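This is what each chain is made of:
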Amino acid sequence: MFNAILGSFTGKITLVMAVVAVLWSVNSVIDVPVLPADEPVKIGQVNNGGSNPDPDPDPDPDPDPDPDPDPDPSATDLETVHRQIVERVVLVAVDDFKTQTDSLSSLTDSFCASGATTITDLQDQWRTLYNSWSYLANFVFGPLEDDIFFPEYLFIDSYRQRGTDYSETVRAEIASDISSSTTLDKAYFDGKNFQRVGLLALEIALFETATGEQARDAASITAEFNNSPRKCEIAQGLLASLSGRAAAVESGWLQSYGDSGQSFETIFTADALEPLDLGDADPSNGKSPIVILILGIQDHLVHLQDRAVVTRVAQLAESSWDAVARSVDSAEAFLEGGAGSTVSLADLLIAQGDGTAVDIARTNLIAIREAIELSDPVLLEVRLGELDGNFKREIPDAIGVDLGTNFSDGD
């Protein structure tokens, strides 16, 4: 038995030795290089005697993917979307309104001091300022609606309250101020009621003469400024007052709102769906921020259609259609996101399966722009009503919020 096992073991040793001998002979022919024990073998490193070296022994890795790809909307939430609407749309509009107001103030100072600018420069800047306000006008809440009786927005846009045209009141006021001896300082203009200041008063001051037959040609308007130094004081006083209000709105958003000790941005972005405790005097009290945003746009859409804005506002400047287009741009930015946004409300709604609401709103936005292109006020009113319906129904339903209003009046 022992001899049998020993014989079998001896035979296996003999076989192993034979295999080793074969391998040794092959190695001497192929000349396999010996690598350090800690260096991994790379593809193509071993070759037949070096006759076919690897053409790229250390190839570059695949190019990096997009370092900042668009996020998957399904991975985002309403909080992120809401915060980006505030930062990329609302606050941009607040800043631009202040910037354009200050720009018109600077141009007017130059015009009155040295004539380095022309009345046409001032008129063009007024149009830019009015367009800026029209973009911001979708967000009349918070610092713009800081008082239940006389909120800031009324002193900017007197037409917004009830669609009342105060042009004749303003004309009489400017003529009176030119002929009087009242000191025309900032305090004087800050003390005026809302019907006599703001964008309307500036339009009348810059686009027509206050005396005679209210001439509207540039030469006559310039002559009145040159011949009546108080006309310059009026324009500068109106702008100083407006600049102060634009600064107050921006400060409320970015620094401190009312007696809260916090910026309205901080209050407004803490929770998109949590009702805000702003005090009984604030019209937005008890509503959630996302609802306040929707109602702001919806309210302005109703104002645009019910108050015939394109045929009654900015008529001297002939810029009402451009202004309405900017309001539409603003409503679209709420849905699609502003410049620099990484995710939009539209992205979120589509990702959660509510793309129909987005499609309807997009279709209506296109239809509004077609009506603007045609300068058709009747068609525009119809199209604005359709988009207004989206902000009353489809969009809030898709988000899952109750607006809590019967929409009896937009003002």
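Further up the page is the structure itself.
Treat the numbers as computed from the prediction; the structure is a model and nothing was measured.

Q: How do you make sense of the packing of aromatic side chains when you look at a structure like this?
A: Inspection of the entire model under this criterion finds 16 aromatic pairs. With 5.2 Å between their ring centres and 15 degrees between their planes, tryptophan 126 and tyrosine 130 make a pair best called stacked. Of this pair, tryptophan 126 and tyrosine 130 both sit in helix 3 (residues 119–136), four residues apart, roughly one helical turn. The class of tyrosine 130 is buried, set by a relative accessible area of 6%. Arranged with centres 6.1 Å apart and planes meeting at 90 degrees, the rings of tyrosine 166 and phenylalanine 194 form a pair that is edge-to-face. With a gap of 28 residues between them, tyrosine 166 in the loop between helix 4 (152–156) and helix 5 (167–179) and phenylalanine 194 in the loop between helix 6 (186–190) and helix 7 (198–207) connect regions that are remote in the sequence. Accessibility assignment for this pair places tyrosine 166 and phenylalanine 194 in one class, buried.

Q: Just to check I follow, could you spell out the layout of surface pockets for this structure?
A: Leftover empty space is mapped by rolling, across the atoms, a probe with the size of a water molecule. Roughly 300 Å³ of volume is contained in the second largest pocket. If you go around the second largest pocket, you meet 18 residues; those closest to its centre are Leu200, Glu203, Arg312, Val313 and Ala314. For the lining of the second largest pocket, the secondary structure elements donating two or more residues are helix 3, helix 5 and helix 7. For the lining of the second largest pocket, a count of residues per class yields nine nonpolar, three polar and six charged.

Q: Please clarify how helix 13 (residues 320–336) should be interpreted in this entry.
A: One turn of the α-helix equals 3.6 residues, which is why residues spaced by three or four share an orientation. If you check helix 13, its first and last C-alpha atoms are 24 Å apart, about what 17 residues at 1.5 Å a residue would give, namely 24 Å. Those residues of helix 13 lying buried are Ser320, Trp321, Ala323, Val324, Ser327, Val328, Ser330, Ala331, Ala333, Phe334 and Leu335. Downstream of helix 13 by a residue or two, glycine 337 has a phi angle that is positive, lying close to 95 degrees.

Rules used in this analysis
Residues numbered from 1 in each chain as written. Predicted model: local features only at pLDDT ≥ 70, side-chain atom pairs only at ≥ 80, totals over all residues. Heavy atoms only, no water. Phe/Tyr/Trp six-rings, centres within 6.5 Å; stacked < 30°, edge-to-face > 60°. Helix = DSSP H or I, 4+ residues; strand = E, 2+ residues; numbered from the N terminus. Buried < 20%, exposed > 50% of the residue type's maximum accessible area, 1.4 Å probe, protein only. 1 Å grid on protein atoms, 1.4 Å probe; cavity = no way out; pocket = protein on both sides within 12 Å on 5 of 7 lines; lining within 4 Å. Points joined across faces, edges and corners; volume = space filled by probe spheres on them. Nonpolar A, V, L, I, M, F, W, Y, C, P; charged D, E, K, R; others polar. Expected span 1.5 Å × (residues − 1).

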